[in-house]
Amino acid sequence: MPCPSSCPPGLLALMAPGLALMATFSLPSQAGDRRALPVEKPPGVKGRTLILLDVNTKSPVRIISENFLSLQLDPSIIHDGWLDFLSSRRLVTLARGLAPAFLRFAGKRTDFLQFHNVKNPAKSRGGPGPDYYLKNYEDARSLDKLYNFADCSGLHLIFALNALRRNPNNSWNSSNALSLLKYSASKKYNISWELGNEPNNYRTLMGRSVNGSQLGKDYTQLRSLLQLIRTYSRAHLYGPNIGRPRKNVVAFLEGFMKVAGGTVDAVTWQHYYIDGRVAKVTDFLKTRLLDTLSDQIRKIQKVVNTYTPGKKIWLEGVGMTSAGGMNNLSDSYAAGFLWLNTLGLLASQGIDVVVRHSFLDHGHNHLVDQNFNPLPDYWLSLLYKRLIGPKVLAIHVAGLQRKPRPGRVIRDKLRIYAHCTSYHNHNYVRGSITLYIINLHRSRKKIKLAGTLRDKIVHQYLLQPYGKDGLHSKSVQLNGQPLAMVDDGTLPELKPRPLRAGRTLVIPPLTMSFYVVKNVNALACRYR
């Protein structure tokens, strides 16, 4: 199946730079974070914060996957009739802008889908009625469309198989999965695999539970199945894609790791920050909410390192809100604070890949709306892809801070991360560094680059809401210019604002921004 005409080969490398090298910075207000170095307060300076910032350029503290920022499509697109739109020239252009990346095809409907390699399964002997297939059926044509979209967009497809097809003894029934594997192998589709979605929640969904040990046996069975098919004998396998690691879920993961820790290529879990039914715009500005992910990372890492030290960990299926999100909130500029902080925090903690739910879908958690227009988080993701490389750098800060009032907890509302600039971005020579900054304060903040960053030319990419809706806006501006697609086959040029060497960075209130420090010649960033 040919790609849409907007898919010129070779454009991928230019449009989608690799993922970013990130390092976190937190002001001294957060317990457990690096403390700011004390600085003498010069005469006449009152009521403002001045931050001196330097970066360790000798070696990275983490190296993450080139596909760090990846995407998810929910199988509900089959039920809702969206699958045919994946051939849209506009959608392929938008997806290609975020390549290289994984495309995970999974979600709540994963464990209800069945594959049938027939033209009209509803008329097959003994088959259920047509309504069943409309809601739960994936045919060869559907898989072809999905794979063609991923291939044209420069994305690597990860397909989650139905784990709820069970034998009487509760072991996994692999017969339907085998049909799908044989068909995709006959087409020589390059696919990685998973089994199920959020298996710790099966009792709620179906009234049937599968414990971690049993799922581990099912994964071992799937690995054996893949090894029998030449095309997939070395295919990657990921799982178990558990939910938030509460006590019972941690126990589920422990059972899984005992049996299948060595079977999977990465351990996966998912996270949603807020109940989308009750979210308010102020929720996206709460530092306590931004920090909830840290505790989850520690819990997952503890279990994984107990059974398979060094195994890669992915956050697979992350959204700003649950329950489909909320209009003018989870699809607005305000949601970007959570999204960008998620990227920075995960990279700094060594999480190898984060899969955003969802690229396109119903609800309001996606990157592209139902009219195929990019939302604020898409533009944020595009900037990230263009500017951020996979090497994460450590940041050193010193600053002046207003004395806190008695009884008031100061939390870090200014967050700074640093990476080597993407090697795929040919506007910058190797050795350049990219900072990205979240300012949750309602006042502007000033940052003075010091040490190895002093007196270097800086390119600013300041992302702000566009229009009268403020933080609720679904449109954004870059350095004062609104962002929009040029046409269905062309993304806009992301033009920086050059700042003179030695200039203090002024960070406007409630904004997100990227700063490329040019020609630093950082040793950590010279080589891939």
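As shown above, the structure is provided for reference.
Notes on the structure in this doc start here. (Residues numbered from 1 in each chain as written. Predicted model: local features only at pLDDT ≥ 70, side-chain atom pairs only at ≥ 80, totals over all residues. Heavy atoms only, no water.)

### Here we look at a positive patch on the surface
On the surface, K448, R454, R497, R500 and R503 cluster together into a positively charged patch. Position of R454 among the secondary structure elements: in the loop between β18 (445-449) and β19 (458-465). (Patch = residues over 30% accessible without salt bridge, like charges linked within 9 Å, V, L, I, M, F, W, Y side chains within 5 Å. Areas by Shrake-Rupley, 256 points an atom, 1.4 Å probe, with all protein chains shown as cover. Salt bridge = Lys/Arg side-chain N within 4 Å of Asp/Glu carboxyl O. Lys, Arg positive; Asp, Glu negative; His and termini not counted. Charge placed at Lys NZ, Arg CZ, Asp CG, Glu CD. Helix = DSSP H or I, 4+ residues; strand = E, 2+ residues; numbered from the N terminus.)

### Comments concerning the packing of helix α11 (residues 292-307) against helix α12 (residues 335-348)
If you want to describe how two helices pack, look at the angle between their axes and the distance between the axes. Running from amino to carboxyl end, α11 crosses α12 at an angle of 30°, the nearest separation of the two axes being 10 Å. As judged from the angle between their axes, α11 and α12 are roughly parallel. The element α11 and its partner α12 pack so that their crossing is right-handed. Residues L293, S294 and I297 of α11 lie in contact with α12, whose contacting residues are T342, L345 and L346. (Axes fitted to C-alpha atoms, helices over the stretch in contact; angles between N-to-C directions. Parallel < 35°, antiparallel > 145°, perpendicular 65-115°, else oblique. Left-handed = near helix turned anticlockwise from the far one by under 90°. Contact = heavy atoms within 4.5 Å.)

### Re the packing of aromatic side chains
Here the structure, examined in full by the defined rule, presents 19 aromatic pairs. Seen from their ring centres, Y333 and F337 are 5.7 Å apart, and the 85° between their planes marks the pair as edge-to-face. Since its relative accessible area comes to 1%, Y333 is described here as buried. A cation over a ring is seen here: R356 above W339, with NZ or CZ 4.9 Å from the ring centre. In this arrangement the basic side chain of R430 is found over the ring face of Y423, its NZ or CZ atom lying 5.0 Å from the centre. (Phe/Tyr/Trp six-rings, centres within 6.5 Å; stacked < 30°, edge-to-face > 60°. Buried < 20%, exposed > 50% of the residue type's maximum accessible area, 1.4 Å probe, protein only. Lys NZ or Arg CZ within 6 Å of the ring centre and 35° of its normal.)

### Quick look at helix α8 (residues 212-228)
Taking 1.5 Å as the rise per residue, α8 with 17 residues should run 24 Å; its terminal C-alpha atoms sit 25 Å apart, in good agreement. Listed in full, the buried residues belonging to α8 are G212, Q214, L215, G216, D218, Y219, L222, R223, L225 and L226. In this fold, the buried residues of α8 make contact with β8 (155-161), α6 (175-186), β9 (191-195), β10 (237-242) and α9 (247-260). Structurally, the start of α8 carries an N-cap: the backbone nitrogen of S213 is 3.2 Å from a side-chain oxygen of N211. (Expected span 1.5 Å × (residues − 1). Polar contact = N/O pair within 3.5 Å; in protein donor to acceptor, adjacent residues only side chain to side chain.)

### Concerning the sheet that holds strand β23 (residues 505-507)
The sheet built from four strands is open, its strands ordered β15-β2-β18-β23 with mixed pairing. Because the sheet does not close on itself, it has two edges, and the strands there are β15 (395-399) and β23. Along the sheet, successive strands turn relative to each other by an average axial angle of 30°, direction set aside. One ladder, built from three bridges, connects β18 with β23; its direction is antiparallel. Bridging across to β23, K445 finds its partner in I507. (Pairing = 2+ DSSP bridges.)

### Quick notes on empty space enclosed by the protein
Applying the stated criterion to the full structure yields two cavities of 30 Å³ or more. Its volume calculated, the largest cavity comes out at about 110 Å³. As for the largest cavity, its lining consists of 14 residues, and the residues nearest its centre are L113, L161, N162, N176 and L180. Contributions of two or more residues to the lining of the largest cavity are made by β6 (114-116), β8 and α6. What the second largest cavity holds in volume is close to 50 Å³. Around the second largest cavity, the lining residues are K448, L449, L453, R454, D455, K456, V458, R500, G502 and R503. (1 Å grid on protein atoms, 1.4 Å probe; cavity = no way out; pocket = protein on both sides within 12 Å on 5 of 7 lines; lining within 4 Å. Points joined across faces, edges and corners; volume = space filled by probe spheres on them.)

### Some thoughts on the packing of α12 against helix α13 (residues 376-387)
α13 packs onto α12 with a crossing angle of 30° between their chain directions and a minimal axis gap of 10 Å. By the criterion of interaxial angle, the relationship of α12 to α13 is roughly parallel. Where α12 crosses over α13, the handedness of that crossing is right-handed. Contact with α12, carried on its side by A335, G336, W339, L340 and L343, involves D377, L380, S381 and Y384 of α13 and no other residues of that element. Split into classes, the residues belonging to the contact of α12 with α13 amount to six nonpolar, two polar and one charged. (Nonpolar A, V, L, I, M, F, W, Y, C, P; charged D, E, K, R; others polar.)

### Regarding the pairing of strand β11 (residues 266-274)
Across the nine residues of β11, eight count as buried, placing the element largely inside the fold. One ladder, built from four bridges, connects β10 with β11; its direction is parallel. By the bridge assignment, P240 is partnered in β11 with T268. The parallel pair β10 and β11 is bridged by α9, and the resulting crossover is right-handed. (Right-handed = clockwise from strand over helix to strand, strands pointing away.)

### A short note on the pairing of strand β16 (residues 414-421)
Burial analysis of β16 places eight of its eight residues in the buried class, the great majority of the element. By the bridge criterion, seven bridges tie β16 to strand β17 (residues 433-439) in an arrangement that is antiparallel. Along β17, the bridge assignment pairs H419 with T434.

### As for the state of the cysteines
All chains considered together, the criterion is met by one disulfide. Paired through a disulfide, C420 and C525 show a sulfur-sulfur distance of 1.9 Å. Here the S-S torsion is close to -80°, and the disulfide linking C420 with C525 is therefore left-handed. Placement of C420 in strand β16 and of C525 in the segment after β24 (511-517) is noted, with a sequence separation of 105 residues between them. On the accessibility criterion, C420 (1% relative accessible area) is buried. Taking the relative accessible area as the measure of exposure, C525 reaches 1% and is therefore buried. (Disulfide = S-S within 2.5 Å.)

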